[in-house]
Amino acid sequence: METAEDFLKQATYHPVGETALMVSFGNIISPEILRCTSALMDQLRAHPFPGIIEFTASYTGVTIFYDPRIAARNSSLPDSPMGRGYSEVLARTKDLMKNIVLSSGDTSPLVRIPVCFGGEYGPDLESVAKAHGMTPEKVIQVFSDAEYLVYMIGFTPGYPYMGGLPKELATPRRKTPRLAIPKGSVAVGGAQAGIYPMESPGGFHLLGRTPLELFRPENKEDPTVLHAGDHVKFYAIDEAKYKEILEKEGAKSCK
């Protein structure tokens, strides 16, 4: 099994258009690759260089967006087919990669997410259970017993892409995506689990719904509840508890 050190050594670099650079550590979903992407993100936060605009992580790498004019202006490198700005960003990124320190242990928090399963809250619970030869109760048990790892936030603000879905619950995405999935829906698709922080289209199967607000734009410094590297456990609640928590969450957002 490859380690984070192995993935770090085999990193590759690719231009994405004229204003972005992608650093790729592999082509699989792996906690070890997550360690690499997290470490590079930490380096970029601690040592931003001229021209850098923003950077974002995916399952397998980090994309760095930059202004090529500013990067070139501060460069002493010769020009290249991709431009001096790209050459400067590539050189700076490779320098940061030399000083990456991989975390020695996983100290990320465990976030517990309440879910009201089935019925109007999880209209696909029955069909997922049938597809796997389980009862709905067994699906809830297997889903809730697992621990999930957040690999990245994307698609919509606050949406967590999570690995760790038990193999017996892996379910191909819907052939026809829904145009509007209710806010808070907890869902599975392929080998992934996800939570829709706001109403949006989507092709995952809906098992239930959480009353928690996962995206809070009023919190300017940290609007998302979940972050890459967090661990997640789900637990079942009834409809009465769902409505109680939902009311409290609504009161928080009004303050």
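First, a word on scope: everything that follows refers to the structure included in this document.

Cut-offs applied
Residues numbered from 1 in each chain as written. Predicted model: local features only at pLDDT ≥ 70, side-chain atom pairs only at ≥ 80, totals over all residues. Heavy atoms only, no water. Helix = DSSP H or I, 4+ residues; strand = E, 2+ residues; numbered from the N terminus. Core = buried A, V, L, I, M, F, W, Y, C linked by side-chain atoms within 4.5 Å. Buried < 20%, exposed > 50% of the residue type's maximum accessible area, 1.4 Å probe, protein only. Contact = heavy atoms within 4.5 Å. Polar contact = N/O pair within 3.5 Å; in protein donor to acceptor, adjacent residues only side chain to side chain. Phe/Tyr/Trp six-rings, centres within 6.5 Å; stacked < 30°, edge-to-face > 60°. Lys NZ or Arg CZ within 6 Å of the ring centre and 35° of its normal.

## Notes on unusual backbone geometry
Point 1. A positive phi angle, close to 70°, is found at F155, a residue other than glycine.
Point 2. Within the secondary structure, F155 is located in the loop between strand 6 (148-153) and strand 7 (160-163).

## Some details on the nonpolar core
Point 1. Among the nonpolar cores identified, the biggest contains 27 residues, and F25, L40, L44 and M97 are the most heavily contacted of them.
Point 2. Top element by residues in this core is helix 2 (residues 31-46). It accounts for six residues.
Point 3. Those residues in contact with F25 that lie beyond four places of it in its chain are F7, L8, Q10, A11, I33, C36, T37, L40, T60, G61 and M97.
Point 4. Residues V111, V128, V139 and F143 belong to the second largest nonpolar core, which totals 26 residues.

## Here we look at the side chain of Q43
Point 1. One can find Q43 in helix 2.
Point 2. You can call Q43 buried: its relative accessible area is 12%.
Point 3. A polar side-chain atom of Q43 sits 3.1 Å from the main-chain carbonyl oxygen of L96.
Point 4. Residue contacts for Q43: discarding those within four places in its chain leaves L96, N99 and I100.

## Notes on the packing of aromatic side chains
Point 1. Tallying each qualifying case throughout the model produces 11 aromatic pairs.
Point 2. Ring geometry for Y59 and Y151: centres 5.3 Å apart, planes at 55°, overall tilted. Placement of the pair is Y59 in the loop between strand 3 (52-57) and strand 4 (61-66) and Y151 in strand 6, with a sequence separation of 92 residues. You'll find Y59 and Y151 in the same group, each marked buried.
Point 3. An aromatic cluster of three or more residues is present, and its members are Y59, Y151, F155, Y159, Y161 and Y196.
Point 4. Stacked on the ring of Y13, the Lys or Arg K94 has its end atom at 5.2 Å from the ring centre.

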